Amino acid sequence: MRVVVSGGSGFLGSHLCEALLRRGDSVCCLDNFSSGRAVNIAHLVREPGFTCTSCDVASRFRISGDAHAVVHLASPASPFDYNSHPLETLAAGSRGTENMLRLAVRHGARFVLASTSEVYGDPVVHPQDEEYWGHVNPIGPRSVYDEAKRFAEALTMAYRRNQGTDAGIVRIFNTYGPRMRAHDGRVVSSFIRQALEGEALTIFGDGSQTRSFCYVDDMVRGLVAMIDSPQPGPINLGNPRERTVRELAELVLQVTGSDSELRFLPLPVDDPVRRRPVITRAREGLGWHPRVPLGEGLRHTVDWFVSQPDTRVRPRQQSAVGRQS
Ligand code: NAD
């Protein structure tokens with residue numbers, strides 16, 4: 001199978017490309033390297049089944065050869081990225097999604113949209129199943145991302161209904177792991193960087209807001225299952241084990257062996273209070289559930305951050321990187 005992956009040099013995309021190649025698929029990665037990094041796919045470029053084209057999927061682009069599946073991951077994804085590139089975020093969700101859908105139609109390929117738990121906004125229903133329509137501020141600072149993804153979902157369903165496209169949607173909840181960028185502003189990478197550098201861990205609000213953290217290997221298994229499935233979705237992919245942000249901070253301190261303090265800052269506008277996926281559809285429709293416990297996933301992630309020669313993140317003492325039982 002030949003799979004086109006937009007955003008393939010990013011955090012999730014590079015792991016997905018790797019998993020697809022490992023099982024014998026060919027991969028055509030499309031990326032404009034706005035938040036993706038060449039180093040994420042450097043180990044793949046010599047593989048015979050891998051090609052990468054630098055392009056903006058919201059503009060014109062071409063691929064050569066066949067496509068049996070098209071996965072649309074390209075979008076600024078961290079609050080830092082979408083706040084600094086609001087128009088590009090809207091374009092990736094709208095024109096980018098339509099271009100990738102058209103590509104799938106041309107090739108008669110399966111299409112998978114990487115949507116997000118952010119379509120639920122600051123949910124008033126808890127936990128969130130796929131029937132819930134969400135509670136999103138359409139003009140707030142997060143709206144460029146949330147509404148772009150909601151539009152992308154609507155577009156995907158319109159192609160499915162009206163063009164007969166074999167299209168499916170996954171709603172991805174917070175995912176973490178190696179290849180996150182140290183300064184992307186996401187909570188897991190921020191806490192790990194701060195803990196390793198001996199800085200205070202910055203918690204927005206009192207830390208009682210909850211998130212559900214899924215390790216990247218689990219998420220990639222779910223994405224691959226969705227590529228292989230005829231399911232339309234939307235299907236939640238995420239870890240249903242809910243954690244407070246304060247709990248996460250304390251776990252990161254334990255795993256890193258850091259004695260950093262916790263610093264509490266005002267909660268940003270429209271920050272969701274609670275997040276937890278119901279994953280019945282994923283279990284029943286894809287045979288998927290996450291397997292990696294948070295402590296184990298954090299250890300892999302911390303080890304990766306520490307091993308990076310090109311990052312300025314360094315534990316103050318190498319021996320300070322502890323192990324949590
Ligand atoms: P990322 O920033 O690491 O990856 C996004 C990739 O898309 C980057 O490689 C970037 O260069 C590329 N890109 C952005 N705009 C592009 C464009 N117009 N043309 C071509 N390439 C473009 O982020 P990620 O965490 O890997 O997220 C991947 C996808 O998964 C995104 O669509 C995101 O919304 C979704 N998602 C991720 C999470 C998560 O926790 N990581 C949660 C929910 C949804």
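Since we're looking at a predicted model, the values are computed, not measured. (Residues numbered from 1 in each chain as written. Predicted model: local features only at pLDDT ≥ 70, side-chain atom pairs only at ≥ 80, totals over all residues. Heavy atoms only, no water.)

Looking now at the domain arrangement of the protein. The assigned domain composition of the protein is domain 1 (2-177 + 213-237) and domain 2 (187-209 + 241-274 + 293-324). Between the C-alpha centres of domain 1 and domain 2 the distance comes to 26 Å. Domain 1 puts 16 residues into the contact, and the matching count from domain 2 is 19 residues. The junction of domain 1 with domain 2 conceals about 1400 Å² of combined surface from both sides, 61% of it contributed by carbon and sulfur atoms. Looking at the side of domain 1 facing domain 2, the largest losses of area belong to H126, Y176 and F213, adding up to 43% of the total buried there. (Domains from an automatic or database assignment. Contact = heavy atoms within 4.5 Å. Buried area = accessible area lost by both parts, 1.4 Å probe.)

Glancing now at helix 5 (residues 143-163). The end-to-end C-alpha distance of helix 5, which contains 21 residues, comes to 28 Å, matching closely the 30 Å that a straight helix rising 1.5 Å per residue would cover. S143, V144, Y145, D146, A148, K149, A152, E153, L155, T156, M157 and Y159 are the residues of helix 5 that are buried. Tucked inside the fold, the buried residues of helix 5 contact helix 3 (79-84), helix 4 (86-107), strand 5 (110-116) and strand 6 (167-172). (Helix = DSSP H or I, 4+ residues; strand = E, 2+ residues; numbered from the N terminus. Expected span 1.5 Å × (residues − 1). Buried < 20%, exposed > 50% of the residue type's maximum accessible area, 1.4 Å probe, protein only.)

The next subject is the side chain of S212. You can see S212 is positioned in strand 9 (residues 210-212). Taking relative accessible area as the criterion, S212 reaches 1% and is therefore assigned buried. Separated by 3.4 Å, the side chain of S212 and the backbone oxygen of N239 make a polar contact. Within the structure, the side chain of S212 is placed 2.8 Å from the backbone oxygen of R275, a separation counted as a polar contact. (Polar contact = N/O pair within 3.5 Å; in protein donor to acceptor, adjacent residues only side chain to side chain.)

Turning our eyes to something else, we now look at a nonpolar patch on the surface. A cluster of nonpolar residues, F204, L265 and L267, forms a patch on the protein surface that exposes about 240 Å² of accessible area. For L265, a relative accessible area of 30% translates into the label partly exposed. (Patch = residues over 30% accessible without salt bridge, like charges linked within 9 Å, V, L, I, M, F, W, Y side chains within 5 Å. Areas by Shrake-Rupley, 256 points an atom, 1.4 Å probe, with all protein chains shown as cover. Salt bridge = Lys/Arg side-chain N within 4 Å of Asp/Glu carboxyl O.)

Let us look at the state of the cysteines. With the rule as written, the count across this model stands at zero disulfides. Summary of cysteine pairing: C29 is not part of a disulfide, and the nearest cysteine sulfur, belonging to C52, is at 3.5 Å. Taking relative accessible area as the criterion, C29 reaches 0% and is therefore assigned buried. For C52, a relative accessible area of 30% corresponds to the partly exposed category. (Disulfide = S-S within 2.5 Å.)

All right, on to the environment of G36 then. Inspection of the secondary structure puts G36 in the loop between strand 2 (26-31) and helix 2 (38-41). Between the alpha carbons of G36 and L237 there is a distance of 22 Å; along the sequence they are 201 residues apart. Beyond its immediate stretch of four places on either side in the chain, G36 contacts S9, G10 and D31.

A word on empty space enclosed by the protein. Over the atoms, a rolling probe the size of a water molecule traces out where space has been left empty. This model, assessed by the stated rule, comprises one cavity of 30 Å³ or more. Volume-wise, the largest cavity comes out at about 40 Å³. Lining the largest cavity, in full, are H72, A74, S75, T89, A92, G93, T97, L113, Y145, A148, K149 and A152. Looking at the lining of the largest cavity, the elements with two or more residues in it are helix 4 and helix 5. Looking at the lining of the largest cavity, its residues break down into six nonpolar, five polar and one charged. (1 Å grid on protein atoms, 1.4 Å probe; cavity = no way out; pocket = protein on both sides within 12 Å on 5 of 7 lines; lining within 4 Å. Points joined across faces, edges and corners; volume = space filled by probe spheres on them. Nonpolar A, V, L, I, M, F, W, Y, C, P; charged D, E, K, R; others polar.)

A few words now on the pattern of salt bridges. Side-chain pairs of opposite charge can arise whenever the charged atoms involved come near each other. For the structure shown, the criterion picks out 21 salt bridges. Taking the shortest distance from any N to any O, the salt bridge between D25 and R23 comes out at 2.8 Å. Of the residues examined, D25 reaches a relative accessible area of 9% and is grouped as buried. What you see here is one network of salt bridges that share partners, running through E18, R22 and R179.

In contact at an axis separation of 10 Å, helix 6 (residues 187-197) and helix 8 (residues 245-256) are set at 40 degrees when each is read in the N-to-C sense. One way to sum up the angle between helix 6 and helix 8 is to call them oblique. For helix 6 against helix 8, the interelement crossing comes out right-handed. The segment helix 6 lies against helix 8, with V187, V188, F191, I192, A195 and L196 engaging V245, L248, A249, V252, L253 and T256. (Axes fitted to C-alpha atoms, helices over the stretch in contact; angles between N-to-C directions. Parallel < 35°, antiparallel > 145°, perpendicular 65-115°, else oblique. Left-handed = near helix turned anticlockwise from the far one by under 90°.)

Moving on, we get to helix 10 (residues 294-307). In this model helix 10 runs 20 Å from its N-terminal to its C-terminal C-alpha over 14 residues, within 8% of the 20 Å that 1.5 Å per residue would give. Those residues of helix 10 not exposed but buried are L294, G295, G297, L298, T301, V302, W304, F305 and V306. Residues of helix 10 that are buried in the fold lie against strand 7 (175-176), helix 6, strand 10 (214-215), strand 12 (242-244) and helix 8.

Close to the ligand lie 28 residues, the nearest being D31, S35, Y145, K149 and R186. The separation between an oxygen atom of the ligand and a polar main-chain atom of G10 is 3.1 Å. Between the ligand and S35, the relevant distance is 2.6 Å, taken from an oxygen atom to a side-chain nitrogen or oxygen of the residue. Relative to its unbound accessible surface of 820 Å², the ligand loses 96% to contact with the protein. Secondary-structure elements contributing two or more residues to the shell around the ligand are helix 1 (11-22), strand 5 and helix 5. The biggest single contributor to the shell around the ligand is strand 5, with three residues. Residues that form the shell around the ligand fall into these classes: 12 nonpolar, 12 polar and four charged. (Near = heavy atom within 4 Å.)

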